[in-house]
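Residues per chain are reported as follows:
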Amino acid sequence: MIRALAVPGRNIKNVAEGKRDMMSYDEYEIECQRQIQRNEEFLKIFECDLVSAGLSKSTISKHLTNVDFYINTYLLRKEPLDMEQGCFKIDMFLGYFFILKCMWSTPGSIKTTAASIKKYYKCMLEHECIEKNDYEFLCSEIKEHMEEWQEDCKRYNAGHGCW
């Protein structure tokens, strides 16, 4: 049986009737691999900037691991999203997915993961891979929601279930 995924914006014939082309699972896998290869180039740029900044190997490794998980796992899990779209997905990632699906989530890991992602997108801005407005949106989302994400994580980890 071939599974298919709806892909917003892909050859929409009649939005009013809700008709969309469907992406087969094989097409999804191919597109994910394409995104992963593309993301590897961005991660190399990020790593070079981190090395140039004089950060320790362990700090560089942590930033790369956090960002790789975000752009190559989270952004590809339902449909293959470009790295650039990650600027607009941070609230659902850190405020929901990370808390519920990542066993290592703590209020502290939310903060360090957000810092890694923010640093990554700042690098992408400096290398003209994303727009300034997109980066500013990401930063405002992190600033506006950080305390809420950490409180939600603390409650969830204490066994108080979902908020």
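See above for the structure.
This one's a predicted model, so the numbers in the text were calculated from it and none came from an experiment. For every chain, the first residue of the written sequence is number 1, and numbering continues from 1 onward in sequence order. Per-residue local features of the predicted model are confined to residues with pLDDT of at least 70, and side-chain atom pairs are confined, for both listing and counting, to 80 or more; whole-chain, interface and lining totals are unaffected and use all residues. Excluded from the side-chain calculations are hydrogens and water; all other atoms, namely the structure's heavy atoms, are used.

Asks: Just give me the short version of the overall build of the chain, but keep the residues and values in it.
Replies: Under the scheme used here, helices are H or I runs from DSSP no shorter than 4 residues and strands are E runs no shorter than 2 residues, and both carry numbers assigned from the N terminus. Assigned secondary structure in the chain consists of five helices and two strands. Residue burial in the chain is summarised as follows: out of 163 residues, 38% are buried. The criterion used for residue contact is that any of the two residues' heavy atoms lie within 4.5 Å. When contacts within the chain are restricted to residue pairs at least 6 apart in sequence, long-range pairs at least 24 apart make up 59% of them. Here, Shrake-Rupley sampling with a 1.4 Å probe gives the accessible areas, and only protein chains in the shown set may cover a residue. Per element, the accessible surface of the chain, about 9900 Å² overall, is 52% carbon and sulfur. For each residue, the accessible area found with a 1.4 Å probe, counting protein chains only, is set against the maximum for its type, and the residue is called buried under 20%, exposed over 50%, and partly exposed in between.

Asks: Any details on the nonpolar core? Residues and values, ideally.
Replies: Among buried residues, those of type Ala, Val, Leu, Ile, Met, Phe, Trp, Tyr and Cys that are joined through side-chain atoms within 4.5 Å constitute a nonpolar core. Judged by nonpolar contacts, the single largest core of 37 residues is most densely connected at Tyr70, Ile71, Ile90, Phe93, Tyr120 and Tyr121. Listed by contribution, the elements that provide at least two residues to this core are helix H1 (25-52), helix H2 (57-72), helix H3 (90-101), helix H4 (107-126) and helix H5 (132-157). Contacts of Ile71, omitting those with residues within four sequence positions, involve Asn39, Leu43, Leu76, Met83, Tyr120 and Tyr121.

Asks: Go over the state of the cysteines, please, and point to the residues and values.
Replies: In plain terms, two cysteine sulfur atoms within 2.5 Å form what is called a disulfide here. One pass over the full model with this rule turns up zero disulfides. Here Cys129 stays free of any disulfide, with the sulfur of Cys123 as its closest cysteine sulfur at 7.4 Å. On the accessibility criterion, Cys129 (21% relative accessible area) is partly exposed. In this model Cys139 remains outside any disulfide bridge; the closest cysteine sulfur is found in Cys87, 8.5 Å from its own.

Asks: Talk me through the side chain of Gln150; I want residue IDs and the actual numbers.
Replies: Relative to the elements of secondary structure, Gln150 occurs in helix H5. Of note is the side chain of Gln150, whose polar atom sits 3.0 Å from the backbone oxygen of Pro107. Contacts of Gln150, omitting those with residues within four sequence positions, involve Pro107, Ile110 and Lys111. For the purposes of these results, a polar contact is taken to be a pair of N or O atoms within 3.5 Å, where, inside protein, one atom must be able to donate a hydrogen and its partner to accept one; residues adjacent in sequence count only when each atom of the pair is a side-chain atom.

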